[in-house]
Amino acid sequence: MVILKSEEEIRCMAKASKLVADGLTMLKSMVCPGVLPVDLDSAAEDFIRTRGGIPAFKGYRGFPATLCVSVNDQVVHGIPLRRPLEKGDIVGLDLGAIVEGFYGDSAVTVAVGTISDDAQRLISVTEESLHQGIAKAVVGNRLSDISHAIQTYVEEAGFSIVREFVGHGIGRDLHEDPQIPNYGLPGQGPRLRKGMVLAIEPMVNEGAPDVRVLDDQWTAVTKDGSFSAHFEHTLVVMNGQPTILTQSS
Ligand code: MG
Ligand code: MG
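Let me begin by describing the structure that accompanies this report. Small disclaimer: the values here were computed from a predicted structure and weren't measured.

Glancing now at the side chain of Asp-105. Structurally, the position occupied by Asp-105 is in strand β5 (residues 102–111). No salt bridge is formed by the buried Asp-105; the nearest opposite charge belongs to Arg-61, separated by 12 Å. Here His-168 takes part through its side chain, which lies 3.1 Å from a polar atom of the side chain of Asp-105.

Here it is, written out as structure tokens:
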């Protein structure tokens, strides 16, 4: 069941989302060759807790960290390691927080130092595909209009969409209905209504779409070893343009 949010609830959700957005801005400024993913994780946890939030992912179904750090061929849910980032890597940072009982969730993929043109294009196309999807998140459209816009944009650029993981509704739970696949035919699924809060999150592979999960039970990687990128925003469906809550000021 899709839970519509009142204006008061959306104000609360905006606080959690803003905290996540500001946290990601801080973390992006830390990313450079030599930095340890575990240090990004502890900086993320400090940032959230000192501002009165609770890390959303730590302990979620046993996930051990505040921040998901997914490097190169890692798609999502990377567990932060003590292995330094290197020039030429791309790194996905996925952060969630709880404030006043509501969740915010957002992700970015950033370059570590100078990266290849192909890797830069993967990042740019993935970020733009998120915005193509967000543009369809308006009252009266159907849910799969979002999915279709993302898939079309990504595949026309020559990349592929990961099927195994999807976007989601968000509110008092991290993952609420509806599930939001990043692929599909347009005009299907529930009609979008004012007050739906969605976390849209395309995961895009440079090569084939297939992924597998490592023995750590969390980290998803591309089967062919190609790079993968991930962007995510939490947003409110409105009449007309949606309001992105995880936008940094
Ligand atoms: Mg996320
Ligand atoms: Mg999410």
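On to the pairing of strand β4 (residues 90–99), then. With 10 of 10 residues buried, β4 is to be regarded as a mostly interior element. With burial as the criterion, each face of β4 is covered, one bearing Ile-90, Gly-92, Asp-94, Gly-96 and Ile-98 and the other bearing Val-91, Leu-93, Leu-95, Ala-97 and Val-99. Where strand β1 (residues 54–55) lies against β4, two bridges are found, and the strand directions are antiparallel. Note that in β4 the partner of Ile-54 across the bridge is Ile-98. With five bridges joining them, strand β2 (residues 67–71) and β4 adopt antiparallel strand pairing. Each bridged residue has a counterpart across the sheet, and for Cys-68 the counterpart in β4 is Asp-94. Of the pairings in the sheet, the one linking β4 to β5 comprises 10 bridges and is antiparallel in character.

Glancing now at the coordination of the magnesium ion (ligand 2). For the magnesium ion (ligand 2), the full set of protein donor atoms is Asp-105 (OD), His-168 (NE2), Glu-201 (OE) and Glu-232 (OE), at a range of 2.1 to 2.3 Å. Ordering the donors of the magnesium ion (ligand 2) by residue number gives the pattern D-x62-H-x32-E-x30-E. Here the magnesium ion (ligand 2) and the magnesium ion (ligand 1) are spaced 3.2 Å apart, and both take Asp-105 as a donor. Highlighted residues: His-168 in strand β7 (residues 167–169) and Glu-201 in the loop between β9 (197–200) and β10 (203–205), separated in sequence by 33 residues. Judged by relative accessible area, which is 3%, His-168 ranks as buried. Judged by relative accessible area, which is 7%, Glu-201 ranks as buried.

What counts and how
Residues numbered from 1 in each chain as written. Chains lettered and ligands numbered in written order. Predicted model: local features only at pLDDT ≥ 70, side-chain atom pairs only at ≥ 80, totals over all residues. Heavy atoms only, no water. Helix = DSSP H or I, 4+ residues; strand = E, 2+ residues; numbered from the N terminus. Buried < 20%, exposed > 50% of the residue type's maximum accessible area, 1.4 Å probe, protein only. Lys, Arg positive; Asp, Glu negative; His and termini not counted. Salt bridge = Lys/Arg side-chain N within 4 Å of Asp/Glu carboxyl O. Polar contact = N/O pair within 3.5 Å; in protein donor to acceptor, adjacent residues only side chain to side chain. Pairing = 2+ DSSP bridges. Donors = N, O, S within 2.8 Å, 3.2 Å for Na, K, Ca; no water.

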